[in-house]
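Here is what each chain is made of, one letter per residue.
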Amino acid sequence: MPSRLLRRIIWTVIGVFVVAGFVVGALPIIASTQIVRDRIALEMGALLGLRVTIDKTPEIEVWPTFRATLTDVKLGRWGEPDAPPVVAADRVEIELSALAALRGDVVFSRSRMTRPTLRVEKTEGGYYLPQLPGYGRLARAVDATRNTLKDNPNPDSSNLPSDEFGAVEVNDGRVITTGDDGKDQQLVTGIAGTLDWPALNRGITSSVKGIWHGESVSVDVSSDRPLVLFAGGAAPLKFAFNSAPATASFDGTAAISEKPYIEGQAKFAAQSLRRMLEWSEVGISPGVAIGSVSVSSTISGSGKRIKLDNTEIALDGNAGVGVLELSLADVIPSISGTLAFQNLDMRSFLSTFTPQGTISESGANDPIPSLADSANLDLRLSAARANAGSITLSDVAAAAQVKGGLAVFDISDATAFGGTIQASVRFDRKPEGTQSEIRLLASDIDGGDFGKMAGMSRIFPVAKGTVSVMLKGPGRTWDSILERADGSISANFGAGLIPGLDLDGFLKRSAAGGFFSLDEVSNGDLKIDGFELKAIISNGVARIEKAQAKSGKRLLWLSGIVPYVGRGLALSGGIGPIVPPAPPPAPAPVETPPLQEQPTGDGEGQTAQEATPQPPAQPQQPSPAVTADSEPQPLPRSEASFFVGGSWNAPFISPITPITPLQ
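**Student:** Lay out the nonpolar core with the relevant residues and their values.
**Tutor:** Of all hydrophobic cores here, the largest spans 119 residues; its most connected members are Val396, Phe409, Val467 and Phe506. A total of six residues in this core trace back to one element, the largest contributor, which is strand E20 (residues 391-403). With near-sequence residues (within four places) excluded, Val396 lies in contact with Met346, Leu381, Ser382, Ala383, Ala386, Ile411, Asp413 and Ala414.

Structure (structure tokens):
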């Protein structure tokens with residue numbers, strides 16, 4: 001009995017091996033007869049809705065995986081045999097189901113494409129997309145899902161089309177388009193990655209790497225309900241973009257339709273915004289010094305307006321928070337909102353959105369700001385602390401506006417130099433060139449700190465006062481503006497001192513004759529009772545109309561020109577006593593005319609006085625002296641008169657009048 005059972009088992013095993021051997025041996029025959037290239041081409045075309053051509057007979061492998069290898073595969077649009085194919089690949093390896101092949105069916109489980117080329121065309125919206133047909137199993141599944149969404153915006157995945165799709169691997173692929181010259185232009189090269197979509201009603205994941213604009217990039221996309229997403233419904237979406245110039249990510253819900261919608265957490269970061277914009281080829285000049293930027297926000301909105309709540313932004317390490325809104329309703333997008341910073345670099349922020357640079361226009365770094373042309377801006381800013389070059393500000397309230405080539409940055413209130421500041425910078429781009437305007441009103445400030453900032457520490461006294469500056473002229477950089485600006489400068493300061501000026505030593509050195517450096521008489525400070533400055537700027541040259549300081553009974557004054565180019569000095573000055581203006585002359589006395597005798601009725605005469613005209617008395621001329629309210633002149637009673645030359649940082653004095661001792 002046991003031997004009979006053993007024989008049956010042996011024969012069963014032999015039968016299984018015979019059947020297996022028959023199946024394995026039959027697969028190449030079946031593949032060569034039923035799973036021919038036309039059947040594979042038909043199945044691929046039915047899925048994608050494209051016309052598939054395979055130049056050579058497929059190579060069939062049975063072990064260890066049932067696989068068909070295709071060469072010179074092209075997928076094009078029906079009815080356009082002469083048009084370039086949408087997809088072309090040198091080699092395609094398709095893993096097939098052996099059981100399905102025995103039934104005469106073709107079921108793809110995985111495809112590997114070697115050196116594929118995807119052709120895209122630029123749409124009216126500026127996007128590059130392949131021209132896919134509106135038919136095929138995939139297109140019909142999207143249409144069916146779209147109809148389902150009309151009745152149920154959140155359908156169960158089991159009720160959606162469940163056609164199998166499989167996994168697709170790509171190696172050494174590229175994306176091309178037709179350039180303006182009619183020739184093929186490569187957009188992305190070196191593409192390698194995987195798309196895994198087991199069935200149309202299941203989740204999809206994609207991870208792709210490639211070379212774009214000379215930089216290696218990677219894109220990861222996934223969605224739990226891709227069919228709903230393709231049909232225009234709201235579905236989960238995760239997106240991550242990584243490259244050396246920039247990174248971006250999104251995790252939330254999106255709807256791709258005629259009325260798009262997006263909601264979720266978005267992040268963006270770039271080590272250098274300038275480099276990122278150059279790399280993405282938006283046209284910004286390499287001269288604008290824009291540093292790192294990062295943005296994280298909860299976004300929500302439609303295709304025309306997106307709100308960015310709980311926005312965290314960092315510009316060159318300056319962190320801020322606020323709320324922003326992006327409007328896409330017009331051709332040029334608009335950004336508006338409020339941002340609050342703890343620390344803010346004003347020059348870095350200004351250079352991001354305005355045509356401002358740091359060197360002359362003739363230099364290699366002359367900025368051509370494309371951001372001002374590519375987006376409108378309306379931001380309200382605040383900062384606990386801020387700096388603009390060497391200027392340190394606190395409690396800053398400002399606004400930035402950019403629209404139609406006009407860029408305006410206003411500081412409505414800020415604390416600096418121990419006082420308050422209001423300032424405005426305006427750039428107006430016109431066909432004939434950029435016109436710039438700078439306004440500054442500094443009230444109750446420390447003149448010593450202001451003078452150090454302006455590089456004129458020997459002109460502005462250490463005292464409380466007010467400074468007003470108004471400049472206007474052509475140019476897109478600070479140097480070019482100041483070299484050709486027109487405007488005015490005025491300043492008024494109270495009691496204080498002029499540092500680095502020993503008046504007694506100055507007078508003694510002047511009496512000795514010969515020119516000398518101001519540094520030779522800098523061992524001391526001059527106490528003053530007040531200081532006043534008025535200057536007119538014309539084509540970059542300041543003409544000082546009035547610059548005088550009162551020190552006790554003396555008045556020090558300067559006048560002349562100070563050009564911005566070269567930082568030279570061409571001034572004349574003097575030191576003299578303060579004499580109050582002469583009082584107005586007393587009116588001339590009125591003389592009573594003598595009486596003349598007049599005849600009377602009784603024949604006796606009476607006397608009456610007759611007025612005799614007298615010339616008016618001449619007013620007394622004031623003695624020649626320097627007064628506090630008149631324009632000082634080198635009068636004989638001046639203690640010293642001199643010329644001032646040299647440069648801002650190294651002035652030289654040349655006496656022209658001998659000293660007259662003060663009585």
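**Student:** Which residues make up the pattern of salt bridges, and what values go with them?
**Tutor:** In this structure the tally under the stated criterion is 18 salt bridges. We note a salt bridge from Arg110 to Glu169, for which the minimum N-O separation is 2.6 Å. Here Glu169 lies in strand E8 (residues 164-178) and Arg110 lies in strand E5 (residues 108-119), a separation of 59 residues in the sequence. Across the pair Glu325 and Arg305 runs a salt bridge, and its minimum N-O distance is 2.5 Å. Of this pair, Glu325 sits in strand E17 (residues 318-327) while Arg305 sits in strand E16 (residues 305-315), placing them 20 residues apart in sequence. What you see here is one network of salt bridges that share partners, running through Glu95, Arg110, Arg112 and Glu169.

**Student:** Outline helix H9 (residues 447-454), listing residues and values.
**Tutor:** Taken residue by residue, H9 has Gly447, Gly448, Phe450 and Gly451 as its buried positions. Taken down its axis, H9 places every buried residue within 160° of arc, on the same side. For H9, the elements touching its buried residues are strand E23 (433-446), strand E24 (462-474) and strand E25 (486-498). Sitting at the head of H9, Asp446 places a side-chain oxygen 2.8 Å from the backbone nitrogen of Gly448. With its phi angle positive at about 75°, Gly455 sits one or two positions after the end of H9.

**Student:** Got a sec to walk through the pairing of E25? Specific residues and values, please.
**Tutor:** Note that E24 and E25 share ten bridges and pair antiparallel. Bridge pairing in E25 places Lys472 opposite Asp486. With seven bridges connecting them, E25 and strand E28 (residues 530-538) associate as antiparallel partners. The residue of E28 that forms the bridge with Gly487 is Ile537. Bridge count for E25 against strand E27 (residues 526-528) is three bridges, and the pairing is antiparallel. Bridge pairing links Gly496 to Ile528 in E27.

**Student:** Go over the packing of aromatic side chains with me, naming the residues and quoting the values.
**Tutor:** In this structure the tally under the stated criterion is eleven aromatic pairs. Residues Phe417 and Phe450 carry aromatic rings whose centres are separated by 5.5 Å and whose planes lie at 80° to one another, so their mutual orientation is edge-to-face. Of this pair, Phe417 sits in the loop between strand E21 (406-416) and strand E22 (419-430) while Phe450 sits in helix H9; the two residues are 33 residues apart in sequence, bridging distant segments of the chain. Each member of the pair Phe417 and Phe450 is classed as buried. Grouping aromatic residues by their ring pairs yields a cluster made of Phe417, Phe450, Phe460, Phe493 and Phe531. Between Arg567 and the ring centre of Tyr564, over which it is positioned, the NZ or CZ distance is 4.0 Å.

**Student:** I'd like a rundown of the side chain of Glu532, residues and numbers included.
**Tutor:** Summarising the element assignment, Glu532 is placed in strand E28. Side-chain polar atoms of Glu532 contact the side chain of Lys546, separated by 3.3 Å. Here Glu532 is in contact with Ala491, Asn492, Lys546, Ala547 and Gln548, once residues within four sequence places are set aside.

**Student:** Can you lay out unusual backbone geometry for me, pointing to particular residues and giving the numbers?
**Tutor:** For Asp172, which is not a glycine, the phi torsion comes out positive at approximately 60°. In this fold, Asp172 is placed in strand E8. If you check the backbone angles, Asp444 has positive phi at about 55° while not being a glycine. Residue classification places Asp444 among the partly exposed residues on the basis of a relative accessible area of 48%.

**Student:** Give me the pairing of strand E9 (residues 184-199): which residues, what numbers.
**Tutor:** Relative to E9, E8 runs antiparallel, the two being bridged by eleven bridges. What sits directly across from Gly173, in E9, is Ile191. Adjacent in sequence and paired antiparallel, E8 and E9 are bridged by five residues, among which Gly182 carries a positive phi angle near 85°. By the bridge criterion, seven bridges tie E9 to strand E10 (residues 204-212) in an arrangement that is antiparallel. Counterpart to Val188 in the pairing with E10 is Trp212. Hairpin remark: E9 followed by E10, antiparallel, with four residues in the connecting loop.

**Student:** Go over the environment of Phe409, please, and point to the residues and values.
**Tutor:** Mapped onto the fold, Phe409 is located in strand E21. Judged by relative accessible area, Phe409 falls into the buried class, the value being 6%. Filtering out sequence-adjacent residues up to four positions away, Phe409 remains in contact with Met346, Phe349, Leu350, Leu381, Ala398, Ala399, Ala400, Ala423, Ser424 and Val425.

**Student:** Help me get a handle on helix H11 (residues 503-512), residues and values and all.
**Tutor:** Structurally, the α-helix is built with 3.6 residues per turn, so residues lying three or four positions apart point the same way. By the burial criterion, the buried members of H11 are Leu503, Gly505, Phe506, Leu507 and Ser510. The backbone nitrogen of Asp504 lies 3.4 Å from a side-chain oxygen of the residue at the head of H11, namely Asp502. Positive phi shows up at Gly513, right after H11, with a value of about 80°.

What counts as what
- Counting starts from 1 at the beginning of each chain's written sequence and moves along it residue by residue.
- Given that this is a predicted model, residues contribute local features only at a pLDDT of at least 70 and side-chain atom pairs are listed and counted only at 80 or more, while totals for whole chains, interfaces and linings are drawn from all residues.
- Calculation of side-chain values draws on the structure's entire complement of heavy atoms; hydrogens and water are dropped beforehand.
- Side-chain atoms within 4.5 Å link the members of a nonpolar core, which is a set of buried Ala, Val, Leu, Ile, Met, Phe, Trp, Tyr and Cys residues.
- Any residue under 20% of the maximum accessible area for its type is buried, any over 50% is exposed, and the rest in between are partly exposed; the area is computed with a 1.4 Å probe on protein chains only.
- Labels follow the DSSP assignment, with helices taken as runs of H or I lasting at least four residues and strands as runs of E lasting at least two, numbered in each case from the N terminus.
- Residue contacts are defined here by distance: any two heavy atoms, one from each residue, within 4.5 Å place the two residues in contact.
- When a carboxyl oxygen of Asp or Glu is within 4 Å of a side-chain nitrogen of Lys or Arg, the pair counts as a salt bridge.
- The directions considered for the arc are those from the helix axis to the C-beta atoms.
- N or O atoms within 3.5 Å of each other form a polar contact, as long as, within protein, one can give a hydrogen and the other can take it, and as long as residues adjacent in sequence are counted only when both atoms are side-chain atoms.
- In this description, strands pair whenever DSSP reports at least two bridges between them.
- Two aromatic rings from Phe, Tyr or Trp, using only the six-membered ring of Trp, form a pair when their centres are within 6.5 Å; if the ring planes differ by under 30 degrees the pair is stacked, by over 60 it is edge-to-face, and anything between is tilted.
- Criterion for a charge above a ring: Lys NZ or Arg CZ within 6 Å of the ring centre, and within 35 degrees of the ring normal.

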